[in-house]
Amino acid sequence: MTRATATETLFLATLISLTTFFFVSGDACDKVPLMRWTDACFKACRPPLYSVCQETLQSAPEVAEVTAYVVLAARLAKRSYDDTVGRAERLIATGAIPGDQRPAYQACIDNYATARIRMVSVVTDLTGCDFTHARQEFDDAVAAMEACGKGLASGTPLVAMNNGDHDLTMVVSQLGALILGNNNQRKM
């Protein structure tokens, strides 16, 4: 195992442990159901997002409050956004992106900043059992991912990363719909 992989594994294990502790230690949110992560994925997502949900929550506690799953997925989305932005910045800095695509990459970086801010807000709000702004935060993050994707030319390096980030963002949003109701679920 490489040092980076070991660090990432330790980070993920710590994240899962803290999320589990918070939501299993009695600080649960009112009227938020407990369920198995597999059931949460089944209820929230349809193919192809169902498999993305399973991959995202596979190391989550077997049974937890749905809020814990949303928080975990949102944290993983934020981390993925950071990786994608880092890649986009490196591609721009090294001149690997044709000049006509640089504005689209910069627009994606800006859209990712919006999505990242929304995911940080989701984590903060949901860990405090505040659902007031969550629906708008989910919608804004999904819209930011979609805006990035629309500006990219097919076949450019960022397209696949944006598609994956969009799918993960949709999983967060649809898991959130289990708490908030179905109004924030979008069709793929």
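Looking at an unreviewed UniProt entry, one finds the protein named Pectinesterase inhibitor domain-containing protein, with Digitaria exilis as its source organism.

Some thoughts on helix H3 (residues 49–57)
Within the sequence span of H3, burial applies to Leu49, Val52, Cys53, Thr56 and Leu57. Looking straight down H3, one finds that the buried residues subtend no more than 115 degrees of arc, so they occupy a single side. Check the buried side of H3 and you find it contacts helix H2 (37–44), helix H4 (66–93) and helix H7 (158–180).

Notes on the nonpolar core
Membership of the largest hydrophobic core comes to 54 residues, with the highest contact counts inside it found for Leu57, Tyr69, Val70, Tyr81, Val172 and Leu175. Contributions of two or more residues to this core are made by H2, H3, H4, helix H5 (102–127), helix H6 (134–151) and H7. It is H4 that provides the largest number of residues to this core, a total of 14 residues. What Tyr81 contacts, discounting residues up to four positions off in sequence, is Tyr112, Ala115, Arg116, Met119, Ala141, Met145, Asp165 and Thr169.

Examining H7
The end-to-end C-alpha distance of H7 is 32 Å, a good match for the 33 Å that 23 residues give at a rise of 1.5 Å each. Downstream of H7 by one or two residues, Gly181 has phi in the positive range, about 110 degrees.

Brief notes about the state of the cysteines
Considering all chains together, one arrives at 3 disulfides under this definition. Residue pairing for Cys41: its cysteine sulfur links by disulfide to Cys53, the two sulfurs lying 2.1 Å apart. Between Cys41 and Cys53 the sulfur-sulfur dihedral comes to about -85 degrees; the bridge is accordingly left-handed. Residue Cys41 is located in helix H2, and its partner Cys53 is located in helix H3; the two are separated by 12 residues in the primary sequence. Cys53 carries the same exposure label as Cys41, and that label is buried. Here Cys108 connects covalently by a disulfide to Cys148, the sulfurs 1.9 Å from one another. The sign of the 95 degrees torsion about the S-S bond sets the Cys108-Cys148 disulfide as right-handed. On the criterion of sequence distance, the pair formed by Cys108 in helix H5 and Cys148 in helix H6 is long-range, its members being 40 residues apart.

Some words on the packing of aromatic side chains
Taken as a whole and assessed by the stated rule, the structure comprises 1 aromatic pair. Ring geometry for Tyr81 against Tyr112: centres 5.5 Å apart, planes inclined by 90 degrees, an arrangement best described as edge-to-face. Taken together, the residues span a long stretch of sequence, with Tyr81 in helix H4 and Tyr112 in helix H5 at a distance of 31 residues. Like Tyr112, Tyr81 is buried. The side chain of Arg46 reaches across the aromatic face of Phe42, ending 5.6 Å from its centre.

Concerning unusual backbone geometry
Pro48 follows Pro47 through a cis peptide bond whose omega is 5 degrees. Tracing the chain through its elements places Pro48 in the loop between H2 and H3. Its identity is not glycine, yet Lys31 carries a phi of approximately 60 degrees, on the positive side. By the secondary structure assignment, Lys31 is in the loop between helix H1 (3–24) and strand E1 (34–36). Classification of Lys31 by relative accessible area gives exposed; the value is 86%. Positioned with a positive phi, Cys129 is a non-glycine residue whose angle comes to about 60 degrees. The residue Cys129 is located in the loop between H5 and H6 in this model.

Remarks on the pattern of salt bridges
For the coordinates displayed, the defined rule picks out 4 salt bridges. Residues Arg118 and Asp140 are paired through a salt bridge, measuring 3.0 Å at the closest nitrogen-oxygen approach. Taken together, the residues span a long stretch of sequence, with Arg118 in helix H5 and Asp140 in helix H6 at a distance of 22 residues. Judged by its relative accessible area of 26%, Arg118 is partly exposed. We classify Asp140 as partly exposed; its relative accessible area is 23%.

About the cut-offs
- Residues numbered from 1 in each chain as written.
- Predicted model: local features only at pLDDT ≥ 70, side-chain atom pairs only at ≥ 80, totals over all residues.
- Heavy atoms only, no water.
- Buried < 20%, exposed > 50% of the residue type's maximum accessible area, 1.4 Å probe, protein only.
- Helix = DSSP H or I, 4+ residues; strand = E, 2+ residues; numbered from the N terminus.
- Arc of directions from axis to C-beta.
- Contact = heavy atoms within 4.5 Å.
- Core = buried A, V, L, I, M, F, W, Y, C linked by side-chain atoms within 4.5 Å.
- Expected span 1.5 Å × (residues − 1).
- Disulfide = S-S within 2.5 Å.
- Phe/Tyr/Trp six-rings, centres within 6.5 Å; stacked < 30°, edge-to-face > 60°.
- Lys NZ or Arg CZ within 6 Å of the ring centre and 35° of its normal.
- Salt bridge = Lys/Arg side-chain N within 4 Å of Asp/Glu carboxyl O.

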